[in-house]
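Here's the letter readout for the chains.
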Amino acid sequence: MADQSATSPTVTARVSAIVMAGKRSGALDPLAEAAGVAQKAVVPVNGVPMIERVVAAVAACPEVAAIRVVAHEPDEIAAIPLIARLTEEGRLAFAEGRFNIVDSVVSGAEGADFPLLITTADNCLVTPEGYSEFIAKCLAEDAQGAAGLATREAVQAADPIGQKRFYEFSDGGYSNCNMYWIGSRTALAAAEIMREGGQFVKYPSRIIKAFGLMNLVRFRLGWGSKEKLFAQISRRFGFKLVPVVLSDGHYAIDVDNERTLNVTEKILKVREGDRSGENRSGDTAIA
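Residues numbered from 1 in each chain as written. Predicted model: local features only at pLDDT ≥ 70, side-chain atom pairs only at ≥ 80, totals over all residues. Heavy atoms only, no water.

Novice: Tell me about the pairing of strand S9 (residues 172-182), and name the residues and values.
Specialist: On any regular strand, side chains alternate: one points to one face of the sheet, the next to the other face. When you tally the buried positions in S9, you get 10 out of 11 residues, the bulk of the element. The pairing of strand S6 (residues 116-120) with S9 spans 3 bridges and is antiparallel. Opposite Leu117, over in S9, you have Trp181 as the bridge partner. Direction of pairing for strand S7 (residues 145-151) relative to S9: antiparallel, over a ladder of 6 bridges. Paired with Gly145 across the two strands is Ile182, which belongs to S9. Across 3 bridges, the pairing between strand S8 (residues 167-169) and S9 is antiparallel. By the bridge assignment, Glu168 is partnered in S9 with Gly173. Taking the residues between adjacent antiparallel strands as the criterion, S8 and S9 are bridged by 2 residues. (Buried < 20%, exposed > 50% of the residue type's maximum accessible area, 1.4 Å probe, protein only. Helix = DSSP H or I, 4+ residues; strand = E, 2+ residues; numbered from the N terminus. Pairing = 2+ DSSP bridges.)

Set out below in structure tokens:
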């Protein structure tokens, strides 16, 4: 299908969304094991499988057209009523999860219209408005690649312990929101940045492989702004990559472990009440 990297500002953007719902090879994820399910993506968070929450938010975003769910074991996900309905309507399709995250992104992008919004199945606190904000800012920047970030202050305002690690730049600390943008098929090469799974704060050696030694030094010492680092990365790849700062620190809190699961459930119970004991047989509302 033809790329749609140029979008008129007077027309609602039609973006393809890719939801990464794969599983790591090897041992069963501890959260999945505790919940009695086969994979982390279907672990219930305040009574609703996390993948269902993310797909509902993406589907309610007016800029999003087609949705791709990238999964190694799709059957368990496909059985969720909301997923089944969107699949039957032809709006959602599955793509095969591959050995690593980059090849999985490429799998999800096969046959898709661009631009692409990429998010993850554990992004339970991102709202449709959050995805719309990210898309609008990417289009305004005419970005070929982008990463969503939230400031340290916004994240800590959302929850003081929701996120403990931050990227340090000269203009402050930022946290990754697991939202990415690929503006065209040519820019799909930007996915190579995530070849070893990202998590640059935990594994600084990955910065050397992705961005080079000097950028690791600048990153560790807090030299330069985030815009300067992204400009240097843009020169390395040959197209425009930008940092997109989002307004809500909740978007940086995802479900990685028992601690962040508890934080996320606490926030969701404030938003929607305690749903953990519900006997659910229908769809999550798309609104």
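Novice: If you had to explain the environment of Ala158 to someone new, which residues and values would you point to?
Specialist: One can find Ala158 in helix H7 (residues 152-158). You can call Ala158 buried: its relative accessible area is 17%. Residues Ala158 and Tyr251, 93 residues apart in the sequence, show an inter-C-alpha distance of 9.1 Å. Look past the residues within four positions of Ala158 in its chain and what remains in contact with it is Gly249, His250, Ile253 and Ile267. (Contact = heavy atoms within 4.5 Å.)

Novice: How would you sum up the pairing of S7? Please name residues and give values.
Specialist: Among the 7 residues of S7, 6 are classified as buried, and the element is accordingly described as predominantly covered. Bridging between S7 and strand S10 (residues 241-245) involves 5 bridges; their strand directions are parallel. Its bridge partner lying in S10, Gly148 is registered against Val244.

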